[in-house]
Amino acid sequence: MAESKGNFLSKYLGMRKLHSIEFFTIWTHYDKDGSGFLDRAELDGFLLDLLSQQNTELPVPEETLAEVRRSVLETLDLNKDGRIELGEFAKLLPIESNFMKKFDARRTLTRKDFNDIFYHYDPDGNGYIEGKELLALIHDIMNKSGQKVSLKEVEDYRNAAMRVFDKNTDGKLSRKELGLLLSIDR
């Protein structure tokens, strides 16, 4: 359930919108089994942290948790399977608008566009797009048209992209490799 070392969400939630990388960090924290869904126990862990972040009564009474869970599932669980998918989870958190939507697919990316994309998805500045950064980038590319995508689809696309564009097979994308993925000359 909630972490013993404090509330995991407290370092992410506030008055600002979440960067897509932060969103994936939160998602992977609560999707403990990597199933691509939050089952009841995982959802409860998230909701407990969310409720305690909002300064509700601590410890959170089971009745309160059950009511919030019921409300979340009733509102967001579109396929009514009792689990929360990635797209459904995104509706619970204040996420920045899709960064990739600002780039028109009908035109070639400029060097500045490419640099903006690279720096946006490489916030740690290590010169590579990797891990959650890569998941966030792939998600934003796939979701650019507004279609709902699952975590499995994002991971499948990432794996395919890595097989094709990760030329040195180091598990991360350099500027040159990202340029190949985005089909531009960096």
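Keep in mind that what you see is a predicted model, and the values were worked out from it rather than measured.

Criteria and cut-off values
Residues numbered from 1 in each chain as written. Predicted model: local features only at pLDDT ≥ 70, side-chain atom pairs only at ≥ 80, totals over all residues. Heavy atoms only, no water. Helix = DSSP H or I, 4+ residues; strand = E, 2+ residues; numbered from the N terminus. Buried < 20%, exposed > 50% of the residue type's maximum accessible area, 1.4 Å probe, protein only. Contact = heavy atoms within 4.5 Å. Core = buried A, V, L, I, M, F, W, Y, C linked by side-chain atoms within 4.5 Å. Arc of directions from axis to C-beta. pLDDT = per-residue confidence, 0-100. Phe/Tyr/Trp six-rings, centres within 6.5 Å; stacked < 30°, edge-to-face > 60°. Lys NZ or Arg CZ within 6 Å of the ring centre and 35° of its normal. Expected span 1.5 Å × (residues − 1).

Quick look at the overall build of the protein chain
Link 1 in the chain: Helix and strand counts for the protein chain come out as 8 helices and 2 strands.
Link 2 in the chain: Ordering the α and β elements of the protein chain from the N terminus gives α-β-α-α-β-α-α-α-α-α.
Link 3 in the chain: Looking at the protein chain as a whole, 44% of its 186 residues qualify as buried.
Link 4 in the chain: In the protein chain, 55% of the contacts between residues at least 6 apart in sequence involve partners at least 24 apart.

Some details on the nonpolar core
Link 1 in the chain: Ranked by size, the top nonpolar core spans 46 residues in total, and within it Phe89, Leu137 and Leu178 carry the most contacts.
Link 2 in the chain: Residue assignment for this core shows that the elements contributing at least two residues are helix H1 (20-30), helix H2 (40-53), helix H3 (62-76), helix H4 (86-90), helix H5 (111-121), helix H6 (131-142), helix H7 (151-165) and helix H8 (175-181).
Link 3 in the chain: Leu178 has contacts with Phe114, Ile117, Phe118, Ile129, Leu137 and Leu173, leaving out every residue within four places of it along the chain.

Thoughts on H5
Link 1 in the chain: Burial in H5 covers these residues: Asp113, Phe114, Ile117, Phe118, His120 and Tyr121. One face of H5 carries all of its buried residues, which in axial projection span an arc of 165°. Set apart from the buried face of H5 by more than 90 degrees, the exposed residues are Arg111, Lys112 and Tyr119.
Link 2 in the chain: Of the surrounding secondary structure, the elements contacted by the buried residues of H5 are H1, H6 and H8.

Structural notes on the confidence of the model for the protein chain
Link 1 in the chain: Residues at a pLDDT of 70 or more form 83% of the protein chain, whose mean pLDDT is 82.
Link 2 in the chain: Confidence over residues 1-5 falls short of pLDDT 50; this stretch has 9 contacts with residues more than four positions distant or in other chains.

Focus: the packing of aromatic side chains
Link 1 in the chain: Under the definition given, this model contains 7 aromatic pairs.
Link 2 in the chain: Taken together, a centroid distance of 5.7 Å and an interplanar angle of 40° make the contact between Phe23 and Phe89 tilted. You can see Phe23 sitting in helix H1 and its partner Phe89 sitting in helix H4, a full 66 residues away along the chain. The pair formed by Phe23 and Phe89 is uniform in burial state, with each residue classed as buried.
Link 3 in the chain: Three or more aromatic residues joined by ring pairs make a cluster, and in this case those are Phe23, Phe24, Trp27, Tyr30, Phe46 and Phe89.
Link 4 in the chain: The aromatic ring of Tyr128 is capped on one face by Lys172, whose charged end is 4.4 Å from the ring centroid.
Link 5 in the chain: Here the basic side chain of Arg175 rests over the ring of Phe118, its NZ or CZ set 4.9 Å away from the ring centre.

Points about H6
Link 1 in the chain: Along its 12 residues, H6 runs 17 Å from first to last C-alpha, staying within 8% of the 16 Å computed at 1.5 Å per residue.
Link 2 in the chain: Most of H6 is tucked away: 9 of the 12 residues are buried.
Link 3 in the chain: Within H6 the residues assigned to the buried category are Glu133, Leu134, Leu135, Ala136, Leu137, Ile138, His139, Asp140 and Met142.
Link 4 in the chain: Summarising the contacts, the buried residues of H6 are in contact with H1, H4, H5, H7 and H8.

Notes on unusual backbone geometry
Link 1 in the chain: One non-glycine residue, Lys80, lies in the positive phi region at around 55°.
Link 2 in the chain: Note on Lys80: relative accessible area 57%, which makes it exposed.
Link 3 in the chain: For Thr169, which is not glycine, the phi torsion reads 50° and is therefore positive.
Link 4 in the chain: Here Thr169 shows up in the loop between H7 and H8.
Link 5 in the chain: Thr169 sits in the exposed class, given a relative accessible area of 67%.

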